[in-house]
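Letter by letter, the chains look like this.
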Amino acid sequence: ISQINSNLESKLDAYGKISTTLYLDDTLRAYLSQDYLGDNSRFVDAYAYFNNTINNILTTNPDIHALTLYVTNETIPLDNIYIRRLDAAFRQSPEYEAVKQTYGNIRFLSKQPAPDAPATLTLTRLLNYDSLNYPYGVLTMDILESDIFSLMEKESNDKSIFVVDQDGVILSAKDKSML
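A brief look at the structure comes next.

**Looking at the overall build of the chain**
Reasoning step 1: Helix and strand counts for the chain stand at 6 helices and 7 strands.
Reasoning step 2: In the chain, the succession of helices and strands from N to C terminus is α-α-α-β-β-α-α-β-β-β-α-β-β.
Reasoning step 3: Of all 179 residues assigned to the chain, the portion counted as buried reaches 42%.
Reasoning step 4: If you take every contact in the chain between residues at least 6 apart in sequence, the share linking residues at least 24 apart comes to 55%.
Reasoning step 5: Roughly 9,900 Å² of accessible area belongs to the chain as shown, and the carbon and sulfur atoms make up 50% of that amount.

**Quick word on the nonpolar core**
General note: in soluble globular proteins, nonpolar side chains tend to be found buried as a group.
Reasoning step 1: Of all hydrophobic cores here, the largest spans 32 residues; its most connected members are Tyr-15, Leu-32, Phe-50, Leu-67, Leu-69, Ile-83 and Met-141.
Reasoning step 2: Elements that contribute at least two residues to this core include exactly helix H1 (2–23), helix H2 (26–33), helix H3 (42–60), strand E1 (64–71), strand E4 (120–127) and strand E5 (137–144).
Reasoning step 3: The contacts of Ile-83, once residues within four sequence positions are left out, are Leu-32, Tyr-47, Phe-50, Leu-69, Val-71, Ile-76 and Leu-78.

**Some remarks on the packing of H2 against H3**
Reasoning step 1: Where H2 contacts H3, the two axes come as close as 10 Å, and the packing angle between them is 135°. Relative to H3, the element H2 is oriented oblique. Crossing of H2 over H3 shows left-handed handedness. In this structure, H2 contributes Thr-27, Leu-28, Tyr-31 and Leu-32 to the contact, and H3 contributes Asp-45, Ala-46, Tyr-49 and Phe-50.

**Observations concerning the environment of Leu-86**
Reasoning step 1: Position of Leu-86 among the secondary structure elements: in the loop between strand E2 (83–85) and helix H4 (88–91).
Reasoning step 2: Taking C-alpha positions, Leu-86 is 6.8 Å from Gly-137, a pair spaced 51 residues apart along the chain.

**Notes on the environment of Asp-25**
Reasoning step 1: Checked against the element boundaries, Asp-25 lands in the loop between H1 and H2.
Reasoning step 2: Judged by relative accessible area, which is 13%, Asp-25 ranks as buried.
Reasoning step 3: Linking Asp-25 and Tyr-129, residues 104 residues apart in sequence, is a C-alpha distance of 8.8 Å.

**Let's talk about unusual backbone geometry**
Reasoning step 1: Notably, Asn-80 is not glycine yet its phi reads approximately 55°, a positive angle.
Reasoning step 2: Examined against the element boundaries, Asn-80 turns out to sit in the loop between E1 and E2.
Reasoning step 3: With a relative accessible area of 47%, Asn-80 lands in the partly exposed category.

**As for the sheet that holds E5**
Reasoning step 1: Taken together, 5 strands build an open sheet; the order of strands is E2-E1-E5-E4-E3 and the sheet is mixed. Bordering the open sheet on either side are E2 and strand E3 (106–110), each of which pairs with just one other strand. On average, each strand axis in the sheet is inclined to that of its neighbour by 25°, with strand direction left out of account.
Reasoning step 2: With 5 bridges connecting them, E3 and E4 associate as antiparallel partners. What sits directly across from Phe-108, in E4, is Leu-123.
Reasoning step 3: This element, H3, spans E1 and E2 of the sheet and lies at about 150° to E1.

Reading the values: the criteria
- Note on numbering: residues in each chain are counted from 1, in written sequence order.
- Selection of residues for local features in this predicted model requires a pLDDT of at least 70, selection of side-chain atom pairs for listing and counting requires 80 or more, and totals for whole chains, interfaces and linings are taken over all residues.
- Side-chain measures were taken over the full set of non-hydrogen atoms in the model, leaving aside hydrogen atoms and water.
- Secondary structure is summarised from DSSP: a helix means a run of H or I of at least four residues, a strand means a run of E of at least two, and numbering begins at the N terminus for each.
- Only protein chains enter the calculation, and the probe is 1.4 Å; a residue is then buried if its accessible area is under 20% of its type maximum, exposed if over 50%, and partly exposed in between.
- Here a residue-residue contact requires only that any non-hydrogen atoms of the pair lie within 4.5 Å.
- Here the accessible surface of atoms and residues is derived via Shrake-Rupley with a 1.4 Å probe, and residues count as covered only by protein chains that are part of the display.
- Residues enter a nonpolar core if they are buried and are Ala, Val, Leu, Ile, Met, Phe, Trp, Tyr or Cys, with the set joined through side-chain atoms within 4.5 Å.
- Each axis is a line fitted through C-alpha atoms, and for a helix only the stretch in contact is used; angles between axes span 0 to 180 degrees, taken between their N-to-C directions.
- The scheme is simple: roughly parallel for angles under 35 degrees, roughly antiparallel for over 145, roughly perpendicular for 65 to 115, oblique for anything else.
- If you view the pair so one helix is near and one far, a crossing is left-handed when the near helix is turned anticlockwise from the far one by less than a right angle, and right-handed when it is turned clockwise.
- Two strands are counted as paired when DSSP detects at least two bridges linking them.

This is how it looks when you write it as structure tokens:
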């Protein structure tokens, strides 16, 4: 069990480091915060940066199912793939509720997948680096649950293993009827 715990902590720590890289990225922050009114051509450079950065992360981490930046900037054009509006609907979501008072700390949560989608754990982080009281967005990273459980396969055949959050809430279990 200690080996499973060590493997899982290492894997989750790697996701945390990826989110920290994005959190501390001054160029990303500048592009997400820039005013795009009046000169729409400025978003071309921004999207070249977004696409390059996010595609590199997704390519080198195939277990990350999706990475999305929900932004407060009303002037940035959205692609609704990587960049989405931090609107009233998102403010009601579990992802936002989990991070709105965390001051940039990471939270993991589980959510019900769509019927045709794979099960995921979601890392969420408020983007407020260098602007603590004025967040400029929220990062969400959907991690394939199957990748998490692959770390436990050999050890968990006759055991019940749970993934729990910092408050002891069960996020995931191999046997979904136990949730």
